[in-house]
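Residue-level structural notes
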Amino acid sequence: MTVSAYRIYPPPGTDKLLRLNLGCGDKKIAGFINLDNDPACKPDMNWDIGLGLPYGENSVWEIQAIDLLQCLPEGKLIHIMNICHCVLHPSGIMLVRVPNTLSKIDPSRAISDPGYRRIFCEASFSYFDGESEAWKARGNRLGIKPWKVSLLLLDGDAVIQATMSPVKSESS
């Protein structure tokens, strides 16, 4: 798999699977279905992801969620991440970018926008990582489906980028 700034190039045999850009706003990505619940940004599909996603299990190869998770309403993060886990193919990828609340360079970026409803730090993603102690101790009990998570800090340390793959049982 090759990763570039906003594109992850899929392995052979996954070309029939969908690619979704959730909460696209004005940042549409060619080759993706661009979804947003704001019709003013003219997404390919005006959709509230809190209602689920209109795609079957394992039908999506890639999901981009750039500057989306921090804007979700209270109580929706786990629900929406579990929906993404369901529609992603076992070899699929979810790319997430969120502001880093613990940034030493620009902590205000994560808390100054009035549209942001939640904060993130690197440790936030450990509750989704099925191999981590945080997931085993609490994430699993919260109903979070397990992911394999890799983190990268961008813009100095002001942005967290998480590349996430769903961990699915053989029956998925």
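Residues numbered from 1 in each chain as written. Predicted model: local features only at pLDDT ≥ 70, side-chain atom pairs only at ≥ 80, totals over all residues. Heavy atoms only, no water.

1. Section: the side chain of aspartate 157
- If you trace the backbone, aspartate 157 turns up in the loop between β8 (147-154) and β9 (159-166).
- At 5.1 Å, lysine 104 is the nearest oppositely charged side chain to aspartate 157, a buried residue that forms no salt bridge.
- Those residues in contact with aspartate 157, other than ones at most four positions away along the chain, are Asn100, Leu102, Ser103, Lys104 and Ile105. (Helix = DSSP H or I, 4+ residues; strand = E, 2+ residues; numbered from the N terminus. Buried < 20%, exposed > 50% of the residue type's maximum accessible area, 1.4 Å probe, protein only. Lys, Arg positive; Asp, Glu negative; His and termini not counted. Salt bridge = Lys/Arg side-chain N within 4 Å of Asp/Glu carboxyl O. Contact = heavy atoms within 4.5 Å.)

2. A word on the pairing of strand β4 (residues 33-36)
- For strand β3 (residues 18-22) and β4, the ladder comprises three bridges, and the chain directions are parallel. From the neighbouring strand, leucine 20 faces β4, where its bridge partner is isoleucine 33.
- Relative to strand β5 (residues 45-46), β4 runs parallel, the two sharing two bridges. Across the sheet, the residue bridging to leucine 35 is methionine 45, located in β5. (Pairing = 2+ DSSP bridges.)

3. Let's talk about the sheet that holds β5
- Strand order in this open sheet of seven strands is β5-β4-β3-β6-β7-β9-β8, and the pairing throughout is mixed. Edge strands, defined here as strands with exactly one partner in the open sheet, are β5 and β8.
- Those strands touched by helix α1 (residues 77-87) are β3, β6 (60-66), β7 (88-99), β8 and β9, and its axis lies near 145° from that of β7. (Axes fitted to C-alpha atoms, helices over the stretch in contact; angles between N-to-C directions.)

4. Details of the nonpolar core
- The biggest cluster of nonpolar side chains holds 32 residues, and the ones touching the most others in it are Met94 and Met164.
- Elements represented by at least two residues in this core include exactly β3, β6, α1, β7, β8 and β9.
- Element by element, the count of residues in this core is highest for α1, at six residues.
- What methionine 164 contacts, discounting residues up to four positions off in sequence, is Met81, Gly92, Ile93, Met94, Val96, Phe125, Phe128, Trp147, Lys148 and Val149. (Core = buried A, V, L, I, M, F, W, Y, C linked by side-chain atoms within 4.5 Å.)

5. Comments concerning the packing of aromatic side chains
- All told, the structure shown has one aromatic pair when counted by the stated rule.
- Relative to phenylalanine 125, the ring of phenylalanine 120 has its centre 5.8 Å away and its plane inclined at 25°; by these criteria the two rings are stacked. The residues phenylalanine 120 and phenylalanine 125 share a single accessibility class, namely buried. (Phe/Tyr/Trp six-rings, centres within 6.5 Å; stacked < 30°, edge-to-face > 60°.)

6. Thoughts on the confidence of the model for the chain
- Scored by pLDDT, the chain comes out at a mean of 90, with 90% of its residues at no less than 70.
- Per-residue pLDDT stays below 50 along residues 1-5; that stretch engages in 10 contacts with residues further than four places along the chain or on separate chains. (pLDDT = per-residue confidence, 0-100.)

7. Re unusual backbone geometry
- A positive phi angle is found at aspartate 67, which is not glycine, with a value near 55°.
- Position of aspartate 67 relative to the elements: it lies in the loop between β6 and α1.
- If you check the backbone angles, aspartate 155 has positive phi at about 50° while not being a glycine.
- Along the chain, aspartate 155 turns up in the loop between β8 and β9.

8. Notes on α1
- The buried count for α1 comes to eight of 11 residues, which makes it a mostly enclosed element.
- On its buried face, α1 is in contact with β3, β6, β7, β8 and β9.

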